[in-house]
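Per-entry structural report
Residue-level listing of the chains:
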There are 2 protein chains.
Amino acid sequence: MLDARKSAILNKVVTEHIATAQPVGSAHVVRDPLIDVSPATVRSDMAALERDGYLTHPHTSAGRVPTDKGYRFFVDQLSPPALDPAGEEQVQDFFARAHGELERVLRDTSKLLSQLTDYAAVVVPPTHDTLTVRSSLLVRIAPRAALIVLVLSNGAVDRHSVEIDESTTDDQLERAGARLAALLAGRTAGEVEQVVTSGAGAAPGAGAGGTPPAPPAVPAAVDCEAAVDALVAACCREIAGRQLPSQDTDEVYVGGAARMAEQFPAVQTVREVLSILEQSFVVVSLIRDVLAQGQSVSIGTEHGLAPLAECSLVVAPYEVADEVVGTIGVLGPTRMNYSQALAAVAVVSQHLGRQLAAGS
Amino acid sequence: MLDARKSAILNKVVTEHIATAQPVGSAHVVRDPLIDVSPATVRSDMAALERDGYLTHPHTSAGRVPTDKGYRFFVDQLSPPALDPAGEEQVQDFFARAHGELERVLRDTSKLLSQLTDYAAVVVPPTHDTLTVRSSLLVRIAPRAALIVLVLSNGAVDRHSVEIDESTTDDQLERAGARLAALLAGRTAGEVEQVVTSGAGAAPGAGAGGTPPAPPAVPAAVDCEAAVDALVAACCREIAGRQLPSQDTDEVYVGGAARMAEQFPAVQTVREVLSILEQSFVVVSLIRDVLAQGQSVSIGTEHGLAPLAECSLVVAPYEVADEVVGTIGVLGPTRMNYSQALAAVAVVSQHLGRQLAAGS
DNA sequence: CCTTGGCACTCGATTGTACCGAGTGCTGAC
DNA sequence: GTCAGCACTCGGTACAATCGAGTGCCAAGG
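Anyway, here's the lowdown on the structure attached to this text. On a predicted model such as this, the values are computed, not experimentally measured, just so you know.

Glancing now at the relation of the copies chain A and chain B. Least-squares fitting of chain A to chain B yields an RMSD of 0.2 Å, with the transformation described by 0.0 Å of translation along the axis and a rotation of 180°. Those values place the two copies in the arrangement expected of a two-fold rotation axis. When the interface residues of chain A are mapped onto chain B, 100% of them again fall at the interface, so both copies present the same face.

In structure tokens, the structure reads:
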């Protein structure tokens, strides 16, 4: 597509612009030992690159700046980058020390990633699909509400509330709890869903398509045992339901958002970017979209979000037991240090996966 | 201290400066109908106010700007402010709708408070001291680690991990779990602590003063029942220990941090403020300090944090069952709208307390 | 003694002008 | 195709002039 010299020039423009944040002119480009031609030649090549959409001009008599397409070319031909030794050590250290609650580990991981790259970092927590239920508990917390607590195989705790009928006796609740414990032990949330839809009485059935699922409620018990059955079914539905995309629970850990303040001269831009970062739902779906396209980098306007037009996102999934369970990412300006970000994201995602597999 | 006219002038300067963010001159001040003197008189009064430390001068030939002391005077003589009807309705709406997990409610509350005021908002979650344990569960999550899960009376779930000896049998664990359940049910964390220090075998004893408490570990069991005893004691210690100030778990919900970006012209300031907001520990202790001094507003340099010299913090505790359990706050520039912030914080803290008492 | 109009003075902000220099595009020669 | 040379562009800086909001002080009047 691009001959060797043009490609070299484009690369030089990109790296130089990343380093200096300034438009780069032909004189700067020829300073690169790999480019052994005169400025005039470089100029004509740069004009061609501009015609092809790789570069732009802020105005006449200014140097060139890469377009999103230019960055894209640069990133695609980047050799798989390695993290610098200092960073590598930092990651090692971190995960050697990391322990305790899942949430804490994830939050700290986002901080680590942000420190490594000097940009904002995002950690999307693992879905529970690969985790099994180790233990469960059903407790009444109000006359008409009960809580299911699940301890998962990695030590995380999941929690769902179900509406119950006021007439439900403590005894019934206890029996339902016992049944539930037996039913859930060793299962994943996905398997629970299967149990629900296959047998186990009051399956959702008809209304599954367009209409929103009714809130789980248990009808007044006539037969005692039937009430217990219904309660168990409601609990299962609730647990399985949480995994559905209807969840607006989308949690996400953002670290180093403050660093974005330095990246953009315009206060307005900073404000918009930070605002987006506060809406976890938007962040999650953004990352999901990028990953769905098989990309690991999204540059400028490639994703649709207007306020992030001046940002790039570098993502990597992390795996537990060969299954993708979550994602981490770095958000920086389009003129970010891509190789560093790619390296950091790759290394951290690997370590994080291993860590979670170990059971934190 | 200040005669009526000086006081009026100071008030006018403060309100005007809050509204316009500009230094305000004598001409602006006399526009106030309450001040019926000439600009020259105002000028001499302002000079006096400056001598007394209530106002400053960016430079000669500029208007006056309030100092921290000036703001302090203004805030202290502010009549207890009421929230505007629109805001009031928003709060009503919010708490009528609020439901679900504790964390979600708190996070959303921080967003609400931020929306009401247009500044950043902070919610410090309730300590568990007034909550009782409704149910508990002890599960092994790794060969050498177990997890205590507590369901609290308001439906929240608390979780602590304890180190256990590898030789501990599942049977022992189960018995310890049963003992623990009986011991904890209906108790608050504070009461658990009392149980630990009073009887129950392996109390910390000597090392309680200066040295950090040893990590909970259970020695290899010789006698089976003794091992169970020790395990129970370790669990209790862990639960009680969490309430000690040694906790660096200090969680905090920050909403609307992005709004700070617009409040300061200097990017550096924005960066520093956001940075502070990301360190939950700092935020928590800051709020604690302010409250400990019986203040509800901290202005500029009154708290010691240099990066927040241009910020003010408005806080209010919230109560459940007449006990202060947590705090909410608003962080804005020193020239923030204090009456609005005070009103919002007061109203929201009241509603939040009521909401939590109801059992979310 | 407090208040006030008058007045000189200060100093940031704005505007205008000139100039510099980094950078481009083009052209004609090799 | 490459390159030296050249005219041209245009943002950035430096400097001066001007403007105006605001002060401090003083002398006169209640």
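This is not the end of the story, as more comes after the structure.
Further remarks concern helix H1 (residues 4-20) of chain B. All names here are of chain B. Its 17 residues give H1 an end-to-end C-alpha distance of 24 Å, which sits within 8% of 24 Å, the value for a rise of 1.5 Å per residue. Among all positions in H1, only Lys6, Ser7, Ile9, Leu10, Asn11, Lys12, Val13, Val14, Glu16, His17 and Ile18 are buried. Packed against the buried residues of H1 are helix H2 (26-30), helix H3 (39-51), strand S1 (55-56), strand S2 (65-66), helix H4 (68-76) and helix H12 (338-358). Where H1 begins, the side chain of Asp3 points an oxygen toward the backbone nitrogen of Arg5, at a separation of 3.0 Å. One or two residues past the end of H1 sits Ala21, with phi positive at roughly 65°.

Residues and elements named next belong to chain A. On inspection of all chains with the given rule, the structure shows six aromatic pairs over all chains. Considering the side-chain rings of Phe94 and Phe95, the 4.8 Å spacing of their centres and the 90° angle between planes classify their relative orientation as edge-to-face. Judged on exposure class, the residue Phe94 and its partner Phe95 are both buried. Here the guanidinium or amino end of Lys69 rests over the ring plane of Tyr54, the centre of that ring lying 4.6 Å away.

Close contacts around DNA strand D come from 19 residues, with Arg5, Ser38, Thr41 and Ser61 of chain A together with Ser26 of chain B the closest. Protein-adjacent atoms of DNA strand D, using a 4 Å cutoff, are sugar or phosphate at a proportion of 75%. Arg5 of chain A places a side-chain nitrogen or oxygen 2.7 Å from a phosphate oxygen of DNA strand D. In the environment of DNA strand D, a phosphate oxygen lies 2.7 Å from a nitrogen or oxygen atom belonging to the side chain of Thr41 of chain A. Every element with two or more residues in the surface near DNA strand D is listed here: helix H3 (39-51) of chain A together with H2 and H3 of chain B. The residue makeup of the surface near DNA strand D, split by class, is four nonpolar, 11 polar and four charged.

Bringing the protein's contact with DNA strand C into the picture now. Close to DNA strand C lie 19 residues; Ser26 and Met46 of chain A together with Arg5, Thr41 and Ser61 of chain B are nearest. By atom count, sugar and phosphate contribute 73% of the portion of DNA strand C lying within 4 Å of the protein. Between Ser38 of chain B and DNA strand C, the recorded distance is 3.1 Å, taken from a backbone N or O atom to a phosphate oxygen. Note that a base oxygen of DNA strand C is positioned 2.9 Å from one of the side-chain N or O atoms of Ser61 of chain B. Secondary-structure elements contributing two or more residues to the surface near DNA strand C are helix H2 (26-30) and H3 of chain A together with H3 of chain B. Per-element tally for the surface near DNA strand C: the top contributor is H3 of chain B, with three residues. Along the lines of polarity and charge, the residues of the surface near DNA strand C split into four nonpolar, 11 polar and four charged.

Residue and element names in this part refer to chain B. Inspection of every chain in the model, using the stated rule, returns 32 salt bridges over all chains. A salt bridge links Arg64 to Glu50, with the nearest nitrogen and oxygen atoms 2.7 Å apart. Of this pair, Arg64 sits in the loop between S1 and S2 while Glu50 is found in helix H3, placing the two residues 14 residues apart along the sequence. Note that Asp76 and Arg72 form a salt bridge whose closest N and O atoms lie 3.1 Å from each other. Taken together, the residues span about one helical turn, with Asp76 and Arg72 both in helix H4 at a distance of four residues.

When the parts of a complex come together, some accessible area is lost, and that lost area is often used as the size of the interface. Each partner contributes residues to the interface: chain A has 37 residues there, and chain B has 37 residues. Buried surface at the junction of chain A and chain B, summed over both partners, amounts to about 3,300 Å²; 52% is from carbon and sulfur atoms. The tally of links between chain A and chain B comes to four salt bridges. With a shortest N-O distance of 2.9 Å, Arg271 of chain B and Glu262 of chain A are connected by a salt bridge. The element best represented in the side of chain A that touches chain B is strand S4 (residues 133-142) of chain A, accounting for seven residues.

Here the focus is unusual backbone geometry. Residue and element names in this part refer to chain B. Residues other than glycine seldom take positive phi values, yet Ser61 does so here, at roughly 65°. Looking at the element boundaries, Ser61 is found in the loop between S1 and S2. Phi is positive for Asp118, close to 70°, though the residue is something other than glycine. Here Asp118 is to be found in the loop between helix H6 (102-117) and strand S3 (120-124).

To continue, consider the sheet that holds strand S10 (residues 323-333) of chain B. Residue and element names in this part refer to chain B. Reading across from one edge, S7-S3-S10-S9-S8 is the order of the five strands in this open sheet, with antiparallel pairing throughout. The two strands at the open ends of the sheet, each matched to only one other strand, are strand S7 (253-255) and strand S8 (297-299). The sheet shows a mean angle of 15° between the axes of neighbouring strands, direction not considered. In this sheet, S10 lies alongside strand S9 (residues 311-320) in antiparallel orientation, the contact comprising 10 bridges. What sits directly across from Pro317, in S10, is Thr327. Against the sheet, H6 touches S3, S7, S9 and S10, its axis set at about 35° to S7.

What follows concerns the side chain of Arg259 of chain A. Among the structural elements, Arg259 of chain A can be located in the loop between strand S7 (253-255) and helix H10 (260-263). When near neighbours in sequence (up to four residues on either side) are disregarded, Arg259 of chain A contacts Ser114, Gln115, Asp118 and Tyr119 of chain A together with Arg271 of chain B.

Criteria and thresholds
- Residues numbered from 1 in each chain as written.
- Chains lettered and ligands numbered in written order.
- Predicted model: local features only at pLDDT ≥ 70, side-chain atom pairs only at ≥ 80, totals over all residues.
- Heavy atoms only, no water.
- Least-squares fit on C-alpha atoms with pLDDT ≥ 70 in both.
- Contact = heavy atoms within 4.5 Å.
- Helix = DSSP H or I, 4+ residues; strand = E, 2+ residues; numbered from the N terminus.
- Expected span 1.5 Å × (residues − 1).
- Buried < 20%, exposed > 50% of the residue type's maximum accessible area, 1.4 Å probe, protein only.
- Polar contact = N/O pair within 3.5 Å; in protein donor to acceptor, adjacent residues only side chain to side chain.
- Phe/Tyr/Trp six-rings, centres within 6.5 Å; stacked < 30°, edge-to-face > 60°.
- Lys NZ or Arg CZ within 6 Å of the ring centre and 35° of its normal.
- Near = heavy atom within 4 Å.
- Nonpolar A, V, L, I, M, F, W, Y, C, P; charged D, E, K, R; others polar.
- Salt bridge = Lys/Arg side-chain N within 4 Å of Asp/Glu carboxyl O.
- Buried area = accessible area lost by both parts, 1.4 Å probe.
- Pairing = 2+ DSSP bridges.
- Axes fitted to C-alpha atoms, helices over the stretch in contact; angles between N-to-C directions.

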